Amino acid sequence: MENRDVPPGPYRATKLWNEITTSFRVGMPLRKHRQHFKKYGNCFTAGEAVDWLYDLLRTNSNFGPEVTRQQTIQLLRKFLKNHVIEDIKGKWGTENLDDNSQLFRFPTSSPLKTLPRRHPELRKNSIENFSKDKDSIFKLRDLSRRTPKKHGLHFCQENAEKMNCEIIDEDQENLADNREISQKDVEEVWRYVILIYLQTILGVSSLEEVINPKQVIPQYIMYNMTNTSKHGVVILQDKSDDLPHWVLSAMKCLANWPRSNDMNNPTYIGFERDVFRTIADYFLDLPEPLLTFEYYELFVNILGLLQPHLERVAIDALQLCCLLLPPPNRRKLQLLMRMISRMSQNVDMPQLHDAMGTRSLMIHTFSRSVLRCAEEVDLDELLAARLVSFLMDHQQEILQVPSYLQAAVEKHLDYLRKGHIKNPGDGVIAPLPTYSYCKQISAQEFDEQKVSTSQAAIAELLENIIKNKSLPLKEKRRKLKQFQKEYPLIYQKRFPTSESEAALFSDKPTIKQPMLFLRKPKFRSLRY
């Protein structure tokens, strides 16, 4: 089944739902089945559906190999509830489905969900508001009339030359260089810079479909960037927002198991399971997921970057998005990811579940505590599991403070302090700092580059064999013959003709013929 990528945009969870239901409806094998002495055509058993859908989800880049069989059954129950499938008698609307031989079929109605449409006026107002906010960032209240009214991220030199900026004297220039910037201006620069970086990394024309710029609170970003421990974990000034002491102690106990299990702790059988249950209950009882309801669309869209050739893009995007979180949420996310990452890699960790490994248990337990929608979405559990799995594997990079962001903001603030002021004599106007990013490439380009890079490395290996003077001639022939067998195209490119191959061994020493040639005597039989 073709694995199609759902592009970034609004309502991505609904688009993924439509993709999975379409793939399941098109690809699920149908055949005749017998039940209660009666034959039914064009149907399938629940167990067959679980097998087929399980393989589909695990090979789909939007969900990945972390999907469990139980999650697949849960999704099929949602299919039954939403009339994607129905039982053999046409009943649906419940979640009465198990991994057994019960028969189901596809209804004649379309299983696709309609995408909500935003009113054009609302969308227009949203864009206009963001444009006004963007312009106001670079318009300080005390700038002179020589400052251009609108500024973008890149300042065009042609526009600069058209401006009639009068030459000012040295006193005025020094005054301009020392303009004061208000706290509000600083906050707006933080908001603008992080949104520009995020938009560029995601490779989208606009962020307004997945995040409202008004949702971005600059004070959160600034706090998360500056108030951290030596390990990069947020330090809260208000301890009432922190994790309770007993939860922190329990998390340290499991994160450092068995070193933290000193003689002061109980040692009864099942102690570690009770500690884990205590932590799980706390996070599951939180009124809101750690990534917040308002950023649901943003994180769901980043899930479409979670592919091998876009792994770096996903890490950079998640690193910025996690800075948008309220500091208490970011701290809890950091501590939770550090704990479950250590636990899943700890070979000494006792078994915490009878039928589930530690890693699968961590993902299954905490996924809804990390990501879920305010209004229940049918793919919430699978999407959250995919994201938590990626966060576990890359938590150290994703949850660290990006130094380049601080440098970018400082450049912008320095630009604002100086303003667009014409320097006497040279006619040059100071440009706004610009930034360069890695260009995002397609999967096909990634594969082509991967092949070309690999071929270059293999060709270099061939040259090393050829130029190795310490290698005996017989061994060199053997290695070249083996190389020709394994990589015939690269070998042919290096030796296009037999003459070029023979030239490699043209200086080999000639073997002298023996001076005497003794013929073996023929023995005649003694019999006549």
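Residue indices follow the written sequence of each chain, beginning from 1 at its first position. Where totals are concerned, whole chains, interfaces and linings use all residues; where local detail is concerned, this predicted model gives features only for residues with pLDDT of at least 70, and gives and counts side-chain atom pairs only at 80 or more. Hydrogens and waters are ignored; side-chain quantities use all the structure's heavy atoms.

Peer 1: With reference to specific residues and values, describe the overall build of the protein.
Peer 2: Secondary structure elements are defined from DSSP: runs of H or I of at least 4 residues count as helices, runs of E of at least 2 residues count as strands, and each element is numbered from the N terminus. Tallying secondary structure elements over the protein gives 20 helices and four strands in all. Residue burial is assigned from relative accessible area. The probe radius is 1.4 Å, only protein chains are included, and a residue is buried under 20% of its type maximum, exposed over 50%, and partly exposed in between. Per-residue burial over the protein gives 44% buried out of 528 residues. The contact criterion used is simple: two residues touch if any of their non-hydrogen atoms lie within 4.5 Å. Across the protein, every contact between residues at least 6 apart in sequence was considered, and the portion connecting residues at least 24 apart equals 68%. Note on areas: Shrake-Rupley, 1.4 Å probe, and residue coverage restricted to the protein chains presented here. Per element, the accessible surface of the protein, about 31200 Å² overall, is 51% carbon and sulfur.

Peer 1: Describe the confidence of the model for the protein, with residues and values.
Peer 2: Think of pLDDT as the predictor's per-residue confidence, scored from 0 to 100. Per-chain confidence: the protein averages 77 in pLDDT, with 72% of residues scoring 70 or above. For the protein, per-element mean pLDDT is lowest for helix H5 (residues 157-162), which scores 36, and highest for helix H13 (residues 327-345), which scores 96. Within the model, the stretch residues 126-176 combines pLDDT values under 50 with 69 contacts to residues more than four positions away or in other chains. pLDDT under 50 marks residues 420-437. Its contacts with residues more than four places away, or in other chains, come to 45 contacts.

Peer 1: Any chance you could break down the pattern of salt bridges for me, citing the residues and the numbers?
Peer 2: When a carboxyl oxygen of Asp or Glu is within 4 Å of a side-chain nitrogen of Lys or Arg, the pair counts as a salt bridge. Using the criterion set out here, one finds 17 salt bridges in the structure. Note that aspartate 242 is salt-bridged to arginine 331, the shortest N-O span being 2.8 Å. Of this pair, aspartate 242 sits in the loop between helix H8 (218-226) and helix H9 (245-255) while arginine 331 sits in helix H13; the two residues are 89 residues apart in sequence, bridging distant segments of the chain. The pair aspartate 242 / arginine 331 is uniform in exposure class, with both members buried.

Peer 1: Outline the pairing of strand E1 (residues 31-35), supporting the account with residue identities and numerical values.
Peer 2: By the convention used here, strands pair only if DSSP detects at least 2 bridges between them. Of the strand pairs in this sheet, E1 and strand E2 (residues 38-45) are connected by four bridges, and their pairing is antiparallel. Looking at the pairing, arginine 34 lines up with lysine 39 of E2. In sequence, E1 turns back onto E2 through a hairpin of two residues, with histidine 36 there showing a positive phi of about 55 degrees.

Peer 1: Could you give an account of the pairing of E2, naming the residues involved and the relevant values?
Peer 2: Sheet analysis places E2 next to strand E4 (residues 103-105), joined by two bridges and oriented antiparallel. Bridged to phenylalanine 44 within E4 is phenylalanine 104.

Peer 1: Could you give an account of the packing of aromatic side chains, with specific residues and numbers?
Peer 2: Two descriptors summarise a pair of aromatic rings, namely the distance from one centre to the other and the angle between the planes of the rings. Aromatic rings from Phe, Tyr and Trp, taking only the six-membered ring of Trp, are treated as a pair when their centres fall within 6.5 Å; an angle between ring planes under 30 degrees marks them as stacked, one over 60 as edge-to-face, and anything in between as tilted. What the rule picks out here adds up to 14 aromatic pairs. Between tryptophan 246 and tyrosine 282, the ring centres sit 6.2 Å apart and the planes meet at 90 degrees, which makes this aromatic pair edge-to-face. Of this pair, tryptophan 246 sits in helix H9 while tyrosine 282 sits in helix H10 (residues 271-284), placing them 36 residues apart in sequence. Classification of tyrosine 282 as buried rests on a relative accessible area of 16%.

Peer 1: Please set out the sheet that holds E4 residue by residue, giving values where relevant.
Peer 2: What the four strands build is an open sheet, ordered E1-E2-E4-E3; its pairing is antiparallel. Looking at the sheet topology across the chains shown, the edges are occupied by E1 and strand E3 (86-87). As defined by bridge partners, E3 adjoins E4 across two bridges and the pair is classed as antiparallel. Bridging from a neighbouring strand, glutamate 86 pairs with arginine 105 of E4.

Peer 1: Can you explain the packing of H10 against helix H14 (residues 358-370)? Please cite residues and give values.
Peer 2: For helices, the axis comes from a line fit to the C-alpha atoms of the stretch in contact; other axes are also lines fit to C-alpha atoms, and the angle between any two N-to-C directions lies between 0 and 180 degrees. Two numbers describe how H10 lies on H14: the axes approach to 8 Å, and their chain directions differ by 25 degrees. One element, H10, and the other, H14, form an angle in the roughly parallel class. Between H10 and H14, the residues in contact are Phe276, Ile279, Ala280, Phe283 and Leu284 and Leu361, Met362, Thr365, Phe366 and Ser369, respectively. Here the contact of H10 with H14 is composed, by residue class, of eight nonpolar, two polar and no charged. Should an angle fall under 35 degrees it is called roughly parallel, over 145 degrees roughly antiparallel, and 65 to 115 degrees roughly perpendicular, with every other angle called oblique. Under the convention adopted here, Pro, Cys and the residues Ala, Val, Leu, Ile, Met, Phe, Trp and Tyr are nonpolar, Asp, Glu, Lys and Arg are charged, and Gly plus all remaining residues are polar.

Peer 1: Outline helix H12 (residues 311-321), supporting the account with residue identities and numerical values.
Peer 2: Across the eleven residues that make up H12, a large majority, eight, are buried. Among the residues of H12, Val313, Ala314, Ile315, Ala317, Leu318, Gln319, Leu320 and Cys321 are the ones counted as buried. In the core, the buried residues of H12 are packed alongside helix H7 (183-202), helix H11 (296-303), helix H15 (380-398) and helix H16 (403-418).

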